[in-house]
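Next come the chains, spelled out residue by residue.
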Amino acid sequence: MAANKKSVQIGLGISSILMIFVVLCMMILSLLSYRETTQKYTITQRQKEYQEQYAQVDAHMQYVWYEMQVFQYDNVRAWVENETINNLLKEFEISYEIQEDVCILKKHVNDGQELMMRLVMDNHTLRMDAYQIVS
Amino acid sequence: MRRQGTKSISFFMELMIVIFFFTIAAGICVMVMSNAHNKSNEADDIKKALLYGQNAIENRCMNLAQPSFQFDDKGNITSSNGEYDVNIVILKEGTTNDLCEMHILKDSKELTVLTFYRMEDTTYGCE
């Protein structure tokens, strides 16, 4: 009879070992998930910064371009020396180069990249010849 | 009998300690996970806001002429019940067109600010 009354006994320490295993798994999973999310967030922030910077530079360039089209001159230098345009170029921090009948406007986008707009003199008006990112 | 009782008390004590530490560890894990979840949601919102905003600017939506409108979850422009609020601020008035800023917000939190050049002929694209 005494032999029949034997019951299954859980040894001391089993629950601790189980807990350590479960907690370790949980910790690893949550840390991996946090790391992945942080990476995703960092990439998104970088993308956001770039797009915002690019949108701003693009808008400034377009603004200057449409303001330049209001005037008509005989030479390219006259456009950039016009008071309104010159003030805009200074305000938006746009640099310019003039080579005979060509005017190149450049604005810094981010590390090592610039948005370049090349304008060519064409019968008292300016024609946009190129509009691109240059490294 | 006494030995059996001592063993039961030890087991019970161990179980109590295990439950206590497990609760603390689980609490920390839940905090980390919820933080990660919030960050992930925020990143998704920023991505969507950038996409919808850029799309509206590139398509020259006529809604850009309005001071405010909304984007729904799929990026369609609505006047109410949208997920993302959009405010248009004029930065500089030009001779023909204006230099503007598009502020995209969700639950009053600013997600992104996109600068754009608003054409007068914003009559194509979008709705």
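Please read these numbers as outputs of a predicted model, since none were measured by experiment.

Reading the values: rules and limits
Residues numbered from 1 in each chain as written. Chains lettered and ligands numbered in written order. Predicted model: local features only at pLDDT ≥ 70, side-chain atom pairs only at ≥ 80, totals over all residues. Heavy atoms only, no water. Axes fitted to C-alpha atoms, helices over the stretch in contact; angles between N-to-C directions. Helix = DSSP H or I, 4+ residues; strand = E, 2+ residues; numbered from the N terminus. Parallel < 35°, antiparallel > 145°, perpendicular 65-115°, else oblique. Contact = heavy atoms within 4.5 Å. Nonpolar A, V, L, I, M, F, W, Y, C, P; charged D, E, K, R; others polar. Pairing = 2+ DSSP bridges. Buried area = accessible area lost by both parts, 1.4 Å probe. Salt bridge = Lys/Arg side-chain N within 4 Å of Asp/Glu carboxyl O. Polar contact = N/O pair within 3.5 Å; in protein donor to acceptor, adjacent residues only side chain to side chain.

(A) Region of the structure containing the packing of helix α1 (residues 14-68) of chain A against helix α3 (residues 83-91) of chain A. All names here are of chain A. Taken N-terminus to C-terminus, the directions of α1 and α3 make an angle of 175°; their axes are 10 Å apart at the nearest point. The angle between α1 and α3 falls in the class roughly antiparallel. Residue-level contacts link Y63, V64, E67 and M68 of α1 to I85, L88 and L89 of α3. Tallied by class, residues from the contact of α1 with α3 come to six nonpolar, no polar and one charged.

(B) How the structure looks around the sheet that holds strand β5 (residues 109-118) of chain B. Spatial ordering of the open sheet is given by β2-β1-β3-β4-β5 (chain B), a layout of five strands whose pairing is antiparallel. Both edges of this open sheet fall to β2 (77-78) and β5 of chain B, since each of them pairs with a single strand only. Where α1 of chain A meets the sheet, it contacts β3 (84-93), β4 (98-106) and β5 of chain B, and its direction lies at approximately 25° from that of β5 of chain B.

(C) The interface of chain A and chain B, seen in detail. Each partner contributes to the interface: chain A provides 38 residues, whereas chain B provides 41 residues. Each partner contributes to the roughly 3500 Å² buried at the junction of chain A and chain B, and carbon and sulfur atoms together form 67% of this total. Linking chain A with chain B are two salt bridges, by the criterion used here. Across the pair K92 of chain B and E91 of chain A runs a salt bridge, and its minimum N-O distance is 3.0 Å. Our count for the chain A to chain B interface comes out at 11 residue pairs in polar contact (both at pLDDT 80 or more). At the level of elements, α1 and α3 of chain A are the ones that each hand at least two residues to the side of chain A that touches chain B. It is α1 of chain A that provides the largest number of residues to the side of chain A that touches chain B, a total of 29 residues.

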